[in-house]
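Here is how the chains run, residue by residue.
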Amino acid sequence: MKKDTINKGYKSVSNIYDDYILSEKPLFKIIAKIIWGFTDKEYSIKLLENIPDDFSGKILDIPAGTGILTYEKYLRIKNAEIICMDYSKDMLDIAKERFGNYNINNIECKQGDVGNIPFENETFDVVLSMNGFHAFPDKEKAFSEINRVLKNNGLFVGCFYIKGKVRRTDWFIKNIFVKNGTFTPQFYDENEITEKFKTVYKETKIWNKGSIICFRCKK
Ligand SMILES: C[S@@+](CC[C@H](N)C(=O)[O-])C[C@H]1O[C@@H](n2cnc3c(N)ncnc32)[C@H](O)[C@@H]1O
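In this text the structure is predicted, and so the values were computed from the model without any measurement. (Residues numbered from 1 in each chain as written. Predicted model: local features only at pLDDT ≥ 70, side-chain atom pairs only at ≥ 80, totals over all residues.)

Draft legend 1. Representation of the pairing of strand β3 (residues 107–111) in the model. Relative to β3, strand β2 (residues 81–86) runs parallel, the two sharing five bridges. Pairing of Ile82 across the sheet is with Ile107, part of β3. Remark: the β2/helix α6 (residues 89–101)/β3 crossover connection has right-handed handedness. (Pairing = 2+ DSSP bridges. Helix = DSSP H or I, 4+ residues; strand = E, 2+ residues; numbered from the N terminus. Right-handed = clockwise from strand over helix to strand, strands pointing away.)

Draft legend 2. View of the environment of Ile213. With respect to the helices, strands and loops of the structure, Ile213 is situated in strand β7 (residues 212–218). Separated by 24 residues in sequence, Ile213 and Asp189 have C-alpha atoms that sit 9.4 Å apart. Ignoring any residue separated from it by four or fewer positions in sequence, one finds Ile213 in contact with Cys159, Phe160, Ile162, Glu190, Ile193, Ile206 and Asn208. (Contact = placed C-beta atoms within 7 Å.)

Draft legend 3. Expanded view of the site of the ligand. For the ligand, the set of nearby residues contains 21 residues, the closest of which are Pro63, Gly65, Tyr87, Ser88 and Asn131. Across the shell around the ligand, the residue classes break down as 14 nonpolar, five polar and two charged. (Near = placed C-beta within 6 Å. Nonpolar A, V, L, I, M, F, W, Y, C, P; charged D, E, K, R; others polar.)

Draft legend 4. Spotlight on the sheet that holds β3. Here seven strands make up an open sheet; going across it, the order is β3-β2-β1-β4-β5-β7-β6 and the pairing mixed. Edge positions in the open sheet fall to β3 and β6 (203–209), since each of these has one partner strand only. Adjacent strand axes in the sheet meet at a mean angle of 15° when their direction is disregarded. In this sheet, strand β4 (residues 124–130) lies alongside strand β1 (residues 58–61) in parallel orientation, the contact comprising three bridges. (Axes fitted to C-alpha atoms, helices over the stretch in contact; angles between N-to-C directions.)

Draft legend 5. Summary view of the pairing of β1. Across four bridges, the pairing between β1 and β2 is parallel. Counted as the bridge partner of Leu60 is Ile83 from β2.

Draft legend 6. Examining the nonpolar core more closely. Within the largest apolar cluster, 53 residues are counted, with the highest numbers of intra-cluster contacts made by Leu60, Cys84, Ala95, Val126 and Val127. The greatest single-element share of this core, amounting to seven residues, is contributed by strand β5 (residues 150–161). (Core = buried A, V, L, I, M, F, W, Y, C linked by C-beta atoms within 7 Å. Buried ≥ 20, exposed ≤ 12 C-beta atoms within 10 Å, placed from the backbone.)

Draft legend 7. Region of interest: unusual backbone geometry. Of note, the bond from Ile62 into Pro63 is cis; its omega dihedral lies within 30 degrees of zero at 5°. Note the cis peptide between Pro185 and Gln186, where omega equals 5°. For Gln186, the location among the structural elements is in the loop between α8 (167–177) and α9 (190–200). Its identity as a non-glycine residue notwithstanding, Asn103 has a phi of 50°, on the positive side.

Right, here's the structure in full:
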């Protein structure tokens, strides 16, 4: 049921998602500044630097969304084998078309659920999860599935919304994004997520920009 709501939510925003994320057009720029205080590009470029451009292993990008924040990085990491997975066919179709337009051939797009990742244990050198955990319905299952498919010494890199940092942002999440199905409670706060990562991963680096927590964890 929750998954249907989330799917409908992303279906309804898929056609404006890229404009919203890029926040280049004046209206979207104002919206991003009011809700978040910054644009997604402002933290995602630094976050993606945690995957070197000469990286040559296997990457799982979940949820891949439309690929709007990652395609420029993927154009540079030509030797990696990349699986882009998302539950929403509408979001993934946009990603597929984008990667095709840029002739990025080392990516396979697969529809799938983070709560039941269709890969063997310890398959990936890197799992990238940008802006997914605030959408995922069963966050504990998502953490355990990601950890299962990650190799020992592999990297879990990502970012998502945390509650309790910026009251204005918390208000918008609760009153707009939860209602339209693009965000799904319960949300973590900074302490909860820091503790969680420290107990599961042998190395953790965590930083935040406003209500977005960014991380690089080594299994
Ligand atoms: C905010 S978007 C993030 C997409 C992309 N990583 C980005 O940063 O632009 C959240 C995505 O999570 C996906 N999603 C939600 N629940 C999911 C699940 N159970 N398994 C896989 N993807 C899911 C949605 O379809 C949506 O594309």
